[in-house]
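Chain and residue survey
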Amino acid sequence: MISFQEYPDYESVSEAASEQLLALVQRKPDAVICVATGATPLLTYQRFVDKVKSEKADVSRVTFVKLDEWVGLAPDNPATCEAFLQLHLLKPLGIEPERYIAFTPDKADHEESARVVREIAECGGLDLCVLGIGKNGHLGLNEPDEWLEPACHITSLDERTRLHDMLKQADRPVEQGITLGLKDILAAKEVLLLVAGEGKQQAFSALRERKVSTKVPASFLWLHPKTSCLYCSM
Ligand code: GLP
């Protein structure tokens, strides 16, 4: 089920989401948290970092998991999800490499998918998955299609995803991604879906129809027992 919580603006969505992240790490100092990238969660992460510092919360045993990654870019390319997470979350929080599970951008293959899934299981599974929704309704890089691949996989990017703002900084065209599958996302104990920004109305309306469709991968969250969707008034 998805419970929807409306907020007046992006700042208040981010404030509420960062509070939830802080509450989780205070309640469970060894939490395993899967994190999306992109414009939507950016301010949530910045506020979370500020709160961790001001509250002196101990995040040394928290494990972060990268949700997805563009395939084929060098790991230090500013367009990568890697660079985003290092800059906005991992470095400011001082997360040790052994507390971070992630696909390597320039080594995306089936072995890499298997390694990430195995390491998540070894940590006891995801406590929380922080997600955004794509303009095309995608979740992670699970793209709309006639059928969906449930497991962690390499995906061919939808035309709209190839135009994602993050990729404007890429030094070459990106046509593929690697992503946790819907099976991995739905196995998280809790999901926090953030919806804000331009161009999300169509995908968000489709999500609110309460119908599960492979054309709207985010709609699979109706099958999850505990998803909160924090969204801006649109
Ligand atoms: C990309 C990211 C996803 C993100 C989505 C939405 O596909 N890899 O993790 O959820 O875009 O991005 P934005 O929040 O910038 O709209």
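Quantities reported herein were computed from a predicted structural model and do not represent experimental measurements.

**Considering the sheet that holds strand E10 (residues 227–232)**
Read across the open sheet, the 7 strands follow the order E1-E10-E9-E6-E2-E3-E5; overall the sheet is parallel. Since the sheet does not close on itself, it has two edges, and those belong to strand E1 (2–7) and strand E5 (100–101), each with one partner. Across 6 bridges, the pairing between E1 and E10 is parallel. Residue pairing across strands places Ser-3 opposite Ser-228, the latter belonging to E10. In the packing of helix H1 (residues 10–27) onto the sheet, contacts are made with E1, strand E2 (32–35), strand E6 (128–132), strand E9 (190–195) and E10, and the angle to E10 comes to roughly 150°.

**Quick word on the side chain of Thr-63**
Counting through the fold element by element, Thr-63 comes out in strand E3 (residues 63–66). Among residues more than four places away in sequence, those in contact with Thr-63 are Ala-31, Val-32, Ile-33, Arg-99, Tyr-100, Ile-101 and Cys-123.

**Notes on the site of the ligand**
In the vicinity of the ligand lie 15 residues, with Ala-39, Thr-40, Asp-68, His-164 and Lys-200 positioned nearest. At 2.9 Å, a side-chain N or O of Asp-68 approaches a nitrogen atom of the ligand. At 2.6 Å from an oxygen atom of the ligand is found a side-chain nitrogen or oxygen belonging to Lys-200. For the ligand, the accessible surface in isolation is 390 Å², of which the surrounding protein chains cover 95%. Most atoms of the ligand, that is more than half of them, are within 2 Å of grid points of the largest pocket. Elements that contribute at least two residues to the shell around the ligand include exactly helix H2 (39–55) and strand E4 (68–70).

**Remarks on the sheet that holds strand E7 (residues 153–156)**
With antiparallel pairing, the 3 strands of this open sheet are ordered in space as E4-E8-E7. Each of the sheet's edge strands pairs with one partner strand only, and the pair in question is E4 and E7. Ignoring strand direction, the axes of neighbouring strands in this sheet form an average angle of 25°.

**Details of the packing of aromatic side chains**
Applying the stated criterion across every chain, the model contains 5 aromatic pairs. Ring geometry for Phe-4 and Tyr-231: centres 6.3 Å apart, planes at 80°, overall edge-to-face. One end of the pair, Phe-4, is in strand E1; the other, Tyr-231, is in strand E10, with 227 residues separating them in the sequence. Assessed through its relative accessible area of 8%, Tyr-231 is described here as buried. Ring centres of Tyr-45 and Phe-84 lie 6.3 Å apart, and the angle between their planes is 75°; this geometry places the pair in the edge-to-face category. Residue Tyr-45 is located in helix H2, and its partner Phe-84 is located in helix H3 (residues 81–93); the two are separated by 39 residues in the primary sequence. The pair Tyr-45 / Phe-84 is uniform in exposure class, with both members buried.

**Points about the layout of surface pockets**
Here the largest pocket is characterised by a volume of approximately 800 Å³. As for the largest pocket, its lining consists of 39 residues, and the residues nearest its centre are Thr-37, Gly-38, Ala-39, His-164 and Met-166. Elements supplying a minimum of two residues to the lining of the largest pocket: H2, E4 and H3. Take the lining of the largest pocket: its biggest share by element is 7 residues, from H3. The class makeup of the residues in the lining of the largest pocket is 17 nonpolar, 15 polar and 7 charged. In this structure, the second largest pocket encloses a volume near 220 Å³. Considering the residues around the second largest pocket, the lining is formed by 13 residues, among which Glu-143, Asp-145, Trp-147, His-153 and Thr-155 are closest to the centre. Split by residue class, the lining of the second largest pocket holds 5 nonpolar, 4 polar and 4 charged.

Thresholds applied
- Residues numbered from 1 in each chain as written.
- Predicted model: local features only at pLDDT ≥ 70, side-chain atom pairs only at ≥ 80, totals over all residues.
- Heavy atoms only, no water.
- Pairing = 2+ DSSP bridges.
- Helix = DSSP H or I, 4+ residues; strand = E, 2+ residues; numbered from the N terminus.
- Contact = heavy atoms within 4.5 Å.
- Axes fitted to C-alpha atoms, helices over the stretch in contact; angles between N-to-C directions.
- Near = heavy atom within 4 Å.
- Polar contact = N/O pair within 3.5 Å; in protein donor to acceptor, adjacent residues only side chain to side chain.
- Areas by Shrake-Rupley, 256 points an atom, 1.4 Å probe, with all protein chains shown as cover.
- 1 Å grid on protein atoms, 1.4 Å probe; cavity = no way out; pocket = protein on both sides within 12 Å on 5 of 7 lines; lining within 4 Å.
- Sits in = over half its atoms within 2 Å of the grid points.
- Phe/Tyr/Trp six-rings, centres within 6.5 Å; stacked < 30°, edge-to-face > 60°.
- Buried < 20%, exposed > 50% of the residue type's maximum accessible area, 1.4 Å probe, protein only.
- Points joined across faces, edges and corners; volume = space filled by probe spheres on them.
- Nonpolar A, V, L, I, M, F, W, Y, C, P; charged D, E, K, R; others polar.

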